Amino acid sequence: MSFNYETPEGMMGALLALEGIKDGCTIVHGPTGCKYCPSSSSEFAYTNRSKNDPQFCNPYRFFKKYYFGQPRIPCTYLQEDDYIMGASEKLTDLSDIVKKDQPGFIGIVNSPGTSLIGEDVGSITSDNIPILGIETPGYSESQCVGYQRTIIGILNLIKPERIPKINTVNILGLSISHLNWEDDLEEMTSMLDICGISVCQNIGTGWDTAGIRRSADAELNVMIFPEYGDSTADWYERIYGIPYLYSDSGAPIGFKAVEDWISEICRALDKDPTPALNKIKEKRILTAKTLLDMEAQHRLPTGRTFSIEAEGSMAYAITEFLYSYLGMIPVAIRTDSDGLWNSRIQKFVSSKGLTVSDDVFNTPTDVTIGSGNMVSAMMMRKMTLGGIDVTRPCRKMVKIEKEPIIGLSGTMRLLDQVLNILWPRN
Amino acid sequence: MKRIAIYGKGGIGKSTISSNLTAALSEKEIKVLQIGCDPKHDSTRLLEGGVDSHTVLDYLKNSVPGDRKLGDIIGQGYKGCLCVEAGGPEPGIGCAGRGIISAFDLLHELGLDSIDLDVIIYDVLGDVVCGGFAVPLRNDYADTVYVVTSGEFMSIYAANNILRGTANYNPNRIGGIIFNSRGEDEELERVKRFSDAVGIPIIAKFSRSRTFMEAEQIGKTVVEAFPKSELHKAFSELSDHVMNGKKYTARYLNEQELEKVVLGKTTTTKKLIKTDIGKTVTPVPKQPYTSRNVERKEELHGCAFAGAATVTDSVTGLTTVLHSPRNCAQFAFQMSSNAVRRSYIMKDKPIKGFLEPDIECTDMSESTMIFGGNSKLEETFDRLIKTGKNNFALITSCTSGIIGDDAEGISRNTESKYPGVKILNLIEDGNVKGDFMQGVIDASIGLMRSYSIKDLPKTRSVNIVGIKTISTNCISNNSKTEKLLDMIGIRINCNCIGNTDIESIKSMTAADLNILISPDRFALMLQDFMQNEYQMDFTKNVVRPGLKGTEMWLTEIAEYFGIRERAEKTMTEIKNAYSDRLALMKDDLIGQSVYIMSLHKDIDWILETIKMAGMNIKRVVVLDRSDYFNDYNTINDYPEIEFVKDFNIPEMLKDIEEKEPDLLLTQSHVELKKNIRQSYIPLVPDIGPYTGLDFAESWIRADKAPKREEWRNDVI
């Protein structure tokens, strides 16, 4: 048994990269089966796209051809005849409908089947709307690869112009598929802000076409999840000479990882990280006090186990934090990212003399960290005491309070949940 | 830079002409790249001294992205010309057209565009059988197209088709016709007539000559091997034309015109002559058990691949093999993993198969698309069988269908190789077979065909037919049905098909009676199958929610088993409880008006409660949904229902506001100017006699709440 097909793949990465453009529209050139899941994901991932229109998800509005009850990602509903005869008429028709709304950007993605019949998604053009056609949907490659390829495609098409703004950064390496990405951006922006650094653009997450054009103004590119931003950062450096940073500590989750993240950025921009570091220190002291209380009751998490299924940089950061800071032991880690973070994780656990399985689903553990689906399955099979959702889909269906997954607040969230799960003694 | 595509019928001499043209250009120190776009990869052989070069697609297959370099796949030939062969799969497998697209993508990625060139020549496969081979015709590739033809009719026919194809993209870039003679009389005259008719000149003529063979014998082009020959002169003139010549608009002839021009007469008639052939033959229906989308050739909702997977994944003891890219596996798998999460949130029991999924995907990659996926599929089965698995359901995606993988053949071979292994083939090919419901039907019937043992002794039990595994209340509805049956002493034999295991499917025919749990076409198709194949008995009534609905199906089952009194006693108790509850609610409901706008017909249990509670119905509008029974009997009991094909939303909203009901029932919240209370109609209602009452109680509680909640004041 396995839960191996839980994580989204390259095609979803491409679609959500396009859906991250606030004033954009994405088309799937393919059957309805390739549209429903991404449409639904986009609706739930970016509910604030239409802030003033809470009804934008209402299916009655979109009970029409191409949309099939969903507001995002209309499709050309390819069927048997279309695979044989081609479907360019449907694509042209849908593109014309979409163009009428005058979006700032249009992205067209071939489904796997459509990519085999030679449909020319690049044939759709417009005088005033940039249109990107994605011929190859990624088939079985990981989400971060599909995502970055598409972001770079967007940038190659729009070709930002550069008017440098000092003390500004772009935040890369985040996508709207990441859980609570808006809260994450707010968290990291606020941390940068207190150190006197502004954010120029959030690459891929809620930027609009005007923002894309200005994205080369930043002085520095910084990353959240490097596997979602490294190639893009490399592109900016090659074309515009904008340097980039990502922390060797992985994603900024965990006290040290967050400290490293902000310190390295401040060092690069010659800014003082003290305001941010002071905030982190306050939380460290608070946490330490809590742990002392727990120690007095023999309820420390030392030696308790955890498993994690997430992208590599997040898995690495959380593993390092829970092991080093709390003394917890990883028993299973699974990532879908590239080899770099996998090998760092392996190196880390080997250096501590630990043996870690890659089968999260079948390894009993005290705490499971992953998607809401994985956590639910582990809990219902009584393979874990409790879980923490760090990736989509999430068990929480409604979220009012801000709940970053990363940064200082994300670290406190993680600690709070871990310690509560482990409160009962084993 | 000039970009030239050379097209023509297969075997007409395109590669010979292309390579000699390249040689002629190179002799003039023009920087040329020739790209062979044929899986045979023989376009540039003669330029490289007869060497069979490494193809782009072989390189794609065998190298890792980080190590790739352009120099590994570009060769250098006669007088410094550059040579690339796209390559492709073996004949009969994979998708060569896709291969062309991938080859061009790779060349672009490795920086081909930054090489300093004067001319690129695309030598394209003769029979442009799909969009992939037409890639050089796209705007960002060839700016000039030359068509090679002999005087044979089929060759000119192909040339005409190429002009038609070019007209679809950008028609204003035909460089001319190149005549390559077969050595027959009147060939040139035919080509001249065609040329005049389409307004495109013959810009080069090549006679049949042994010189080509002699040059080929020594692994060279004619231009290189015989520099003083007439052919060398002709190619040199062609190369001048390529560099300086005009372009023409692609015009083409229809079939009749073409025949008249080339052959001087028309043989094609428009009249279809009917014959008596096949009059007494009974056609075999392609798919006897179809969803409504498929039957009516409607727009397909979802794909059969995913529908089949939601059934097979819910059967424990069965391994589902998805022959697809991981993209498709993830889209399908999400349905079952989301169902687990919903069960957790609702504190409900999950479907065991979903909780412990046994799914394997063949992870078809770009390379698989080009070179075929048969071996990957075979390896997947070998690997799984070695771990001890022996019951499989194989489901194919659209990609495996398009590239022509022989999934059934692989299954047969695997079963022969491993006696005891059983593979159910669900060749859905994505949505080629149909929509999501078609996949559910195919998988359900397929599993019964594969495993059910005929004519087992009866065990005084019923089968529940039409299980919808991904509905949130699948398990709870199962339990409620079981509980009601238990009240009359009857047990469930098998859930057909979903949330079950192989042993239960095997014993399916041990049930005396079958009852549908869904009032839709999907369940009806299973019923048809089970009656035709196993002659099994079915109730007339469906497991329905509501008081009347429950009485009808429960009583019918009891009658069948000769225990009608037990059902009557049970129903009396239920009715008393129902009345008692209704009595407590009636005062709050009586006289209230209701407007119903429903996406499906499954609402009689609501109407029953509304009428019994003395509420007024303003209007009931129901969408005639694709997968429900055509003869669903709601309309008989509730003639006020209006069935519509489409909701005209603006009109309906206006109507609702004009009628101003106390309560609007609908599946999705509706934007209204007036503050009308709305309540949700479930897509799959809960089974049980009290469902309508539970629903009504929620209306009462909502009615007791403030007419306008305070939070609405905070809406900006």
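Here the structure is shown first, and the text comes after it.
The model shown is predicted, which means the values in this text are computed figures rather than measured ones.

Undergrad: Before we move on, could you go through the interface of chain A and chain B and cite the residues and values that matter?
TA: Taken together, the contact between chain A and chain B spans 60 residues of the former and 63 residues of the latter. Across the chain A/chain B interface, buried area totals approximately 5200 Å², and carbon plus sulfur atoms make up 59% of it. If you look at where chain A meets chain B, you find two salt bridges. Between Glu9(A) and Arg326(B) there is a salt bridge whose closest N-O contact spans 3.2 Å. Across the chain A-chain B interface, the total number found is 23 residue pairs in polar contact (both at pLDDT 80 or more). When contributions to the side of chain A that touches chain B are tallied by element, the ones reaching two or more residues are α1 (10-19), α2 (36-45), α3 (80-85) and α13 (372-380) of chain A. Here the element with the most residues in the side of chain A that touches chain B is α13(A); it accounts for six residues. A class-by-class count of the residues in the side of chain A that touches chain B yields 30 nonpolar, 18 polar and twelve charged.

Undergrad: Before we move on, could you go through the sheet that holds strand β10 (residues 319-323) of chain B and cite the residues and values that matter?
TA: Residues and elements named next belong to chain B. Pairing within the open sheet is parallel, and its four strands lie in the order β11-β10-β12-β13. With partners counted over all chains shown, the strands left at the sheet margins are β11 (359-361) and β13 (422-426), one partner each. If you compare each strand with its neighbour and ignore which way they point, the axes differ by 20 degrees on average. Bridge count for strand β12 (residues 391-396) against β13 is five bridges, and the pairing is parallel. By the bridge assignment for β13, Asn391 is matched with Lys422. The strands touched by helix α11 (residues 304-312) are β10, β12 and β13; relative to β12, the strand with the most contacts, the crossing angle is about 165 degrees. Along the sheet, helix α17 (residues 407-417) makes contact with β12 and β13, crossing β13 at roughly 175 degrees.

Undergrad: Kindly report on a negative patch on the surface, identifying the contributing residues and their values.
TA: Residues and elements named next belong to chain B. Together, Glu184, Asp185, Glu186 and Glu189 make up a negatively charged patch on the protein surface. Inspection of the secondary structure puts Glu186 in the loop between β7 (174-180) and α5 (187-198). We classify Glu186 as exposed; its relative accessible area is 57%.

Undergrad: So, the packing of aromatic side chains: which residues are in play, and what are the values?
TA: What the rule picks out here adds up to 26 aromatic pairs over all chains. Seen in terms of ring centroids, Phe212(B) and Phe235(B) are 6.3 Å apart; in terms of plane orientation they differ by 85 degrees. Their pairing is edge-to-face. Of the two residues, Phe212(B) is situated in helix α6 (residues 210-217) and Phe235(B) in helix α8 (residues 230-244); the sequence distance between them amounts to 23 residues. Phe212(B) sits in the buried class, given a relative accessible area of 17%. Note on Phe235(B): relative accessible area 0%, which makes it buried. Chaining the aromatic ring pairs together yields one cluster made of Tyr246(A), Tyr316(A), Tyr323(A), Trp341(A) and Phe348(A). A cation sits over an aromatic face here: Lys90(A) above Tyr77(A), 3.8 Å from the ring centre.

Undergrad: Which residues make up unusual backbone geometry, and what values do they have?
TA: A cis geometry characterises the amide bond from Arg392(A) onward to Pro393(A), with omega recorded as -10 degrees. For Pro393(A), the position within the fold is in the loop between β11 (384-391) and α14 (407-422). Even without being a glycine, Lys297(B) presents a positive backbone phi close to 50 degrees. Residue placement: Lys297(B) occurs in the loop between α10 (292-295) and α11.

Undergrad: Explain the pairing of strand β2 (residues 32-37) of chain B to me, and be specific about the residues and the numbers.
TA: All names here are of chain B. Counting buried positions along β2 gives six out of six residues, so the element sits mostly inside the fold. Side chains Val32, Gln34 and Gly36 of β2 all project onto a buried face; the interleaved residues Leu33, Ile35 and Cys37 project onto the opposite face, where all are buried too. Direction of pairing for β2 relative to strand β5 (residues 119-124): parallel, over a ladder of six bridges. Opposite Leu33, over in β5, you have Ile120 as the bridge partner. The sheet contact formed by β2 and strand β4 (residues 82-85) spans four bridges and is parallel. Within the sheet, the bridge partner assigned to Gly36 lies in β4 and is Glu85.

Undergrad: Explain the sheet that holds β11(A) to me, and be specific about the residues and the numbers.
TA: All names here are of chain A. What the four strands build is an open sheet, ordered β9-β8-β10-β11; its pairing is parallel. The strands lining the two open edges of the sheet, one partner per strand, are β9 (329-334) and β11. Looking at each pair of strands side by side, their axes are set apart by 20 degrees on average, direction ignored. This element, helix α11 (residues 312-324), spans β8 (305-309), β9, β10 (365-371) and β11 of the sheet and lies at about 170 degrees to β8.

Undergrad: Describe helix α9 (residues 255-263) of chain B, naming the residues involved and giving the relevant values.
TA: All names here are of chain B. Buried within α9 we find Leu258, Glu259 and Val262. Seen along its axis, α9 keeps its buried residues to an arc of 100 degrees; they face one direction. Looking at the buried positions of α9, the neighbouring elements they touch are α4 (153-169) and α5. At the N-terminal end of α9, a side-chain oxygen is found 3.1 Å from the backbone nitrogen of Gln256, two or three residues along, and the residue is Asn254. In the segment just after α9, Gly264 is the residue with positive phi, at about 85 degrees.

Undergrad: Account for the nonpolar core, with residues named and values stated.
TA: Soluble globular proteins: nonpolar side chains tend toward being buried together. Ranked by size, the top nonpolar core spans 115 residues in total, and within it Ile154(A), Ile265(A), Leu322(A), Val367(A), Ile369(A), Leu414(A) and Val418(A) carry the most contacts. Dropping the residues within four chain positions of it, Leu322(A) is found in contact with Phe306(A), Gly327(A), Met328(A), Ile369(A), Leu414(A) and Val418(A). Core analysis: the second largest hydrophobic core is formed by 113 residues, Val360(A), Cys303(B), Ala511(B) and Ile603(B) among them.

Undergrad: So what's going on with the pairing of strand β19 (residues 593-598) of chain B? Residues and values would help.
TA: In summary, the side chains of a regular strand alternate between the two faces of the sheet. All names here are of chain B. For β19, the buried fraction is high: six of the six residues fall into the buried class. Of the two faces of β19, the one carrying Ser593, Tyr595 and Met597 and the one carrying Val594, Ile596 and Ser598 are both buried. Judged from the six bridges that link them, β19 and strand β20 (residues 616-623) form a sheet pairing that is parallel. When the bridges of β20 are listed, Ile596 appears paired with Val620. Relative to strand β22 (residues 663-666), β19 is paired through four bridges, and the arrangement is parallel. Each bridged residue has a counterpart across the sheet, and for Ile596 the counterpart in β22 is Leu665.

Undergrad: Report on the pattern of salt bridges, specifying residues and quantitative values.
TA: Counted by the stated rule, this structure contains 55 salt bridges over all chains. A salt bridge links Asp293(A) to Lys289(A); its shortest N-O distance comes to 3.7 Å. Of this pair, Asp293(A) and Lys289(A) are both found in helix α10 (residues 274-296), four residues apart, which corresponds to roughly one turn of the helix. Of the charged contacts in the structure, one is a salt bridge between Asp363(B) and Arg326(B), with a shortest N-O distance of 3.3 Å. Highlighted residues: Asp363(B) in the loop between β11 and α14 (366-371) and Arg326(B) in helix α12 (residues 326-346), separated in sequence by 37 residues. Three or more residues are tied together by salt bridges with common partners; here these are Arg619(B), Glu642(B), Asp655(B) and Lys659(B).

Undergrad: Can you explain the side chain of Thr391(A)? Please cite residues and give values.
TA: Residue and element names in this part refer to chain A. For Thr391, the position within the fold is in strand β11. On the accessibility criterion, Thr391 (16% relative accessible area) is buried. Of the polar contacts made by the side chain of Thr391, one reaches the backbone nitrogen of Ser371; its length is 3.3 Å.

Undergrad: Summarise helix α1 (residues 14-27) of chain B; cite the residues concerned and give the values.
TA: Residues and elements named next belong to chain B. Helix length check: α1, at 14 residues, gives a terminal C-alpha distance of 20 Å against a target of 20 Å (1.5 Å per residue), a fit within 8%. In terms of residue burial, α1 counts as a mostly covered element, since eleven of its 14 residues are buried. Every buried residue of α1 is listed here: Lys14, Ile17, Ser18, Ser19, Asn20, Leu21, Thr22, Ala23, Ala24, Leu25 and Ser26. Two residues or fewer after α1 comes Glu29, characterised by a positive phi angle close to 60 degrees.

Undergrad: Go over the environment of Asp58(B), please, and point to the residues and values.
TA: All names here are of chain B. Mapped onto the fold, Asp58 is located in helix α2 (residues 56-62). Asp58 gets classed as partly exposed once you look at its relative accessible area, which sits at 29%. A C-alpha to C-alpha distance of 7.7 Å links Asp58 and Gly88, two positions 30 residues apart in sequence. Of the polar contacts made by the side chain of Asp58, one reaches the side chain of Thr55; its length is 3.0 Å.

Quick notes on the rules
- Residues numbered from 1 in each chain as written.
- Chains lettered and ligands numbered in written order.
- Predicted model: local features only at pLDDT ≥ 70, side-chain atom pairs only at ≥ 80, totals over all residues.
- Heavy atoms only, no water.
- Contact = heavy atoms within 4.5 Å.
- Buried area = accessible area lost by both parts, 1.4 Å probe.
- Salt bridge = Lys/Arg side-chain N within 4 Å of Asp/Glu carboxyl O.
- Polar contact = N/O pair within 3.5 Å; in protein donor to acceptor, adjacent residues only side chain to side chain.
- Helix = DSSP H or I, 4+ residues; strand = E, 2+ residues; numbered from the N terminus.
- Nonpolar A, V, L, I, M, F, W, Y, C, P; charged D, E, K, R; others polar.
- Pairing = 2+ DSSP bridges.
- Axes fitted to C-alpha atoms, helices over the stretch in contact; angles between N-to-C directions.
- Patch = residues over 30% accessible without salt bridge, like charges linked within 9 Å, V, L, I, M, F, W, Y side chains within 5 Å.
- Areas by Shrake-Rupley, 256 points an atom, 1.4 Å probe, with all protein chains shown as cover.
- Lys, Arg positive; Asp, Glu negative; His and termini not counted.
- Charge placed at Lys NZ, Arg CZ, Asp CG, Glu CD.
- Buried < 20%, exposed > 50% of the residue type's maximum accessible area, 1.4 Å probe, protein only.
- Phe/Tyr/Trp six-rings, centres within 6.5 Å; stacked < 30°, edge-to-face > 60°.
- Lys NZ or Arg CZ within 6 Å of the ring centre and 35° of its normal.
- Arc of directions from axis to C-beta.
- Core = buried A, V, L, I, M, F, W, Y, C linked by side-chain atoms within 4.5 Å.
- Expected span 1.5 Å × (residues − 1).

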